[in-house]
Every structure is written in structure tokens, then in C-alpha cells.
Amino acid sequence: MSNRAQFVTKMGVIAATVGSAVGLGNIWRFPYEAGLHGGGAFLIVYLLCVFLLGIPVMIAEFVIGRSTHSNALTALKKLKPDSHISAVSYVGIVASLMILSFYSVVAGWIMEYLYQALMGGLSGHTAEEYATLFSSFTVNGWRTVMWTLLFLLINFMVLRRGVEKGIERLSNVLMPVLFVILVVFCINSLMMPRAAEGLNFLFNPDFTALTPKVVLGALGQAFFSLSLGLTCLLTYASYFSDRTPLVRSATVVALLDTLVAILSGIIIFPAVFSFGMEPAAGPKLVFQILPEIFQQLPGGYLWSVAFFLLLFFASLTSTISMSEISITYFVEAHKMSRNRATGLNTAIAAAFGTLCALSFGVLSDLKVAGLTLFELFDYVSSNVLLPLGGVMLSVFVGWIVDKKVVEEQLTDYGARRITLLRPIRFCIRYVAPVSISLIFLYGLGVL
Ligand code: TRP
């Protein structure tokens, strides 16, 4: 019995963390960023960022969370009462609210497409019609606002009723199904006439495409996809048991997350080339390609409904995890009731989410530094705040937290011998903070 109980919790821990990590970041944002930034070269830098910088920062978050078993602000204070590191909590709160705002807009698009799929609106059209479906829908700002708010309302109800655990359990069952569907779509895409060109674009690096901006984009995407830098996984790790294998869990989560992103690329790019479309289409890329893919699949109706439904759940487990950051902060630091804190989190995201949704329509001319509000929120959170949080967290664990505490965590309280102990510490102390800082400063044009 006790063995089984342990097994269940071990799976639960990884599943909840994977639930946070796998979402629109993998299936929507990865292909659009790779498409914009030259495909193969972007992929290589992305992989380097995941393994050399992402995993160490994830381990750093796990170390803080599990050694204190507390939420971010309390955890940081417990480990070093008088340091300024609690500033990272504020980075996390601001960035998570920004991400929640524009993420809900995209999750709203998913709901519209689910609705269209159910009503049969995703079949019987030409490629051009599918391409314009997205623009005509997003230009009609109020419809997207309605979906954004509906999504936030569902997120609110889940959080308020405290049924996150239920949703997570449900999504533990649904995620493997999503994975199988993605594999089927991959096979379908690989059989398309110009699949080879798509694979060539994704896997054959053209290093002339690499600029400091592309590298920063890849770093931001890696952190976004792994839910890093904002103390989100720190909070999850505070629920880990002492026997959860820290290093292995971080590796498994990163591998699964990356696998889903690559599958998504293998689905999208062969289709992009076969349908004669542009890889650099930006945020609308997957929304233009997917209906066309479903159209070609036998039984497309069911595939499309299942896919958008599962993606909706994948998005929800991600927004639940990012909402927790500000909710716990409002509760702990401002002594708010959990209900009010959840309401405040939703109200802020609803206000900014509405603006982001409208930035494809009536607010499309409102630009800051050449970016629409949606693009600005996306850019600032992923390319500025996530790397900043990553540097702070790795410096904290690498230099400020007592070395004994770190080693105790990495070895799961001495239960395991970690062969890569030294290289991992080296990455947390030097590789991660130095490379992230350099990529950040070069990417923003400061250096
Ligand atoms: N990783 C999620 C995705 O890929 C998004 C996400 C959830 C996130 N929680 C986060 C991103 C915390 C940054 C920080 O869809």
C-alpha cells in the first residue's frame, strides 16, 4: 500500500509540473517564434537554452521551494532574511499578470476554434478562407474580448472553488491523449507533399539567421515554455515530498515539454510549406494552418474537436499555475481572503486582457516602441522579465543560499548520489547567470 501511495504522489508531482509547463507555449508560441526566427538555428539555440540554462534555473526554483515548503516571498525570506532577493517576487507577480492577460486572449481564440469545430465551421473552406477566418475573427474585437473574459471566468471559478486539484487530475488523464493526438498529426504532416521542406526549415540550421535578438527570443521562449523565472515552479516544489528526485524531475519535465514543442513544429512546418504559406506569420501561424490540416485528415471533425478541447485544458492548467503566483502574494502579504485575491487576479487580467484582445482590432494603431499592446505584453514578459527572474533565482541559489542546503536538496536529503552534482552547481553559479545576462544585454542592444 505504502509503495503505491508513494508512486501516486511521485507521478502527481511531475504531472502537475508538466501541466504547468505544457500549454500554449509549446503548441502556439514555439512554432510562431521558430517560424519568425529562421527555424533550425532558432531550434538549436532553444535546445541549448533549455538544457544549459533552463534545467539549472528549474533546479534552483525547486531547491528554494522544497527546502522551505513555503510560497515564494516567505521562502526567500526564510533562506536569507535580510537580502533584497524578495524583489524577484515582484518580478514574478507583475510578469505573471502580464502573461495571464495575453495568454487568456489566445486561450479565447482556442475556445472560438473549439466552438467553430463543434459547429462544423472548420470544414469545407479553401485555404484562403481559413487564413482570413482568423483575421476576420480577431478584427472583430468584441467577440475575442468575450472569449477572453469567458476563459478568465472559468479560470476564476476553478481557482475559487479550489478544484485545481480536480482539474489537474483530469488533465493528467487528458495530457497523454493530447500527446497521442499530436503524434497522429505528426504522421499526417510527414506524409504531406512538401514535408521535406518543412523538416529542412525546422531542423537544418542556417546560422546566418542568428542575431542577438534571435538568441534572446529563444531564451525567452525556453523560459516561457518551462514556466521559469517567476517562482511558479518554486511554489509547486514547495509541495514536493522529501523523496521527490529533484534533479531527475527537472530533467523529465524539461524533456517532455521540449518533446511537445518539437512535435508541434513537426506538425506545423511541413503543412506550412505544403500549403504554400509563410513560416514567419507570427501569432496567427497555427490558427491559419490547423484548420487546413484537419480538413485533410479523415474524420477531421472529431480530430479538431478533440484537439481544441484538450488544448483548452492544457491552457487552463498553465493559467492556474501562473495565477497562483499573485493570489498567494495577495493572501500572504496583504492578508486578503483567498476569494478576494482570486477576484483581484482575475480583474487585473480581465482589464489588460481586454486591451490585448482589442489590439488586433480597434486598438491596432496604439503602439508602444512599435509594438501593439498584445506584442508588448508578450515581449516584455518573456524577453525581459523571465530572464531577469532567472538570473536572480540562480544567483540566489548559487551564491547566497547556504551550500549545505543546496547539496541536501540536490541529493534529496542524502538519499541519492548525483553524479553531475558539481556540473549542476557550476551551471547554477556561473553558466546560467552569466549567459542569461549576456544574452539579455546583447539581445536588447545594450551591449
Ligand atoms: N509554460 C506555460 C506554457 O508553455 C506558460 C506558463 C505557465 C508560464 N506558468 C508560467 C510561463 C510561469 C512563465 C511563468 O504554456
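For the structure itself, consult the block above.
For the structure given in this document, a descriptive report is provided here.

Calculation notes
- Residues numbered from 1 in each chain as written.
- Predicted model: local features only at pLDDT ≥ 70, side-chain atom pairs only at ≥ 80, totals over all residues.
- Heavy atoms only, no water.
- Helix = DSSP H or I, 4+ residues; strand = E, 2+ residues; numbered from the N terminus.
- Expected span 1.5 Å × (residues − 1).
- Bend = angle between axes of the 7 residues up to and from the residue.
- Buried < 20%, exposed > 50% of the residue type's maximum accessible area, 1.4 Å probe, protein only.
- Core = buried A, V, L, I, M, F, W, Y, C linked by side-chain atoms within 4.5 Å.
- Contact = heavy atoms within 4.5 Å.
- Phe/Tyr/Trp six-rings, centres within 6.5 Å; stacked < 30°, edge-to-face > 60°.
- Lys NZ or Arg CZ within 6 Å of the ring centre and 35° of its normal.
- Near = heavy atom within 4 Å.
- Polar contact = N/O pair within 3.5 Å; in protein donor to acceptor, adjacent residues only side chain to side chain.
- Areas by Shrake-Rupley, 256 points an atom, 1.4 Å probe, with all protein chains shown as cover.
- Nonpolar A, V, L, I, M, F, W, Y, C, P; charged D, E, K, R; others polar.
- Axes fitted to C-alpha atoms, helices over the stretch in contact; angles between N-to-C directions.
- Parallel < 35°, antiparallel > 145°, perpendicular 65-115°, else oblique.

### Some remarks on helix 2 (residues 24-36)
So, point 1. Compared with an ideal rise of 1.5 Å per residue, which puts 13 residues at 18 Å, helix 2 spans 17 Å between its outermost C-alpha atoms and is within 8% of the ideal.
So, point 2. Of all bends in helix 2, the biggest is about 35 degrees, found at Phe 30, and the proline Pro 31 comes one to four residues later.
So, point 3. Counting buried positions along helix 2 gives twelve out of 13 residues, so the element sits mostly inside the fold.
So, point 4. For helix 2, the full list of buried residues reads Leu 24, Gly 25, Asn 26, Ile 27, Trp 28, Arg 29, Phe 30, Pro 31, Tyr 32, Glu 33, Ala 34 and Gly 35.
So, point 5. Among the residues trailing helix 2, Gly 38 stands out with phi positive, at a value near 90 degrees.

### Remarks on the nonpolar core
So, point 1. Ranked by internal contacts, the top residues of the largest apolar core, which has 151 residues, are Trp 28, Phe 307 and Phe 308.
So, point 2. Once residues within four sequence positions are removed from consideration, Trp 28 is found in contact with Phe 102, Val 106, Trp 109, Pro 283, Val 286, Phe 287, Phe 374 and Asp 378.

### Here's the deal with the packing of aromatic side chains
The way to describe two aromatic rings as a pair is by their centre distance and the angle between their planes.
So, point 1. With the rule as written, the count across this model stands at 34 aromatic pairs.
So, point 2. Directly above the ring of Trp 399 sits Arg 429, whose terminal nitrogen or CZ lies 3.9 Å from the centroid.

### Some points on the site of the ligand
So, point 1. Taken together, 16 residues surround the ligand, and among them Ala 21, Gly 25, Tyr 103, Phe 224 and Ser 227 come closest.
So, point 2. A distance of 3.4 Å separates a nitrogen atom of the ligand from a polar atom in the backbone of Ser 20.
So, point 3. The backbone of Ser 225 places a nitrogen or oxygen atom 3.1 Å from a nitrogen atom of the ligand.
So, point 4. Starting from 370 Å² of accessible surface for the ligand in isolation, the protein chains cover 100%.
So, point 5. Elements represented by at least two residues in the shell around the ligand include exactly helix 1 (2-21), helix 2, helix 5 (87-118), helix 10 (212-225) and helix 14 (300-334).
So, point 6. Considered class by class, the residues forming the shell around the ligand number eight nonpolar, eight polar and no charged.

### Focus: the environment of Val 173
So, point 1. Looking at the secondary structure, you find Val 173 in helix 8 (residues 164-190).
So, point 2. For Val 173, a relative accessible area of 55% puts it in the exposed group.
So, point 3. Spatially, the C-alpha atom of Val 173 lies 9.7 Å from that of Ala 15, the residues being 158 residues apart in sequence.

### Some details on the packing of helix 2 against helix 13 (residues 285-296)
So, point 1. Relative orientation of the contacting elements helix 2 and helix 13 amounts to 110 degrees, with a least axis distance of 9 Å. Classified by the interaxial angle, the pair formed by helix 2 and helix 13 is roughly perpendicular. Every residue of helix 13 that contacts helix 2 at Ile 27, Trp 28, Pro 31 and Tyr 32 is listed here: Leu 285, Val 286 and Phe 287.

### Some thoughts on the side chain of Ser 394
So, point 1. Among the secondary structure elements, Ser 394 is positioned in helix 16 (residues 373-400).
So, point 2. Among the polar contacts made by the side chain of Ser 394, one reaches the main-chain carbonyl oxygen of Gly 390 at a distance of 2.9 Å.
So, point 3. If near-sequence neighbours (up to four positions away) are discounted, Ser 394 is found in contact with Val 57, Ala 60, Ile 428, Ala 432 and Pro 433.

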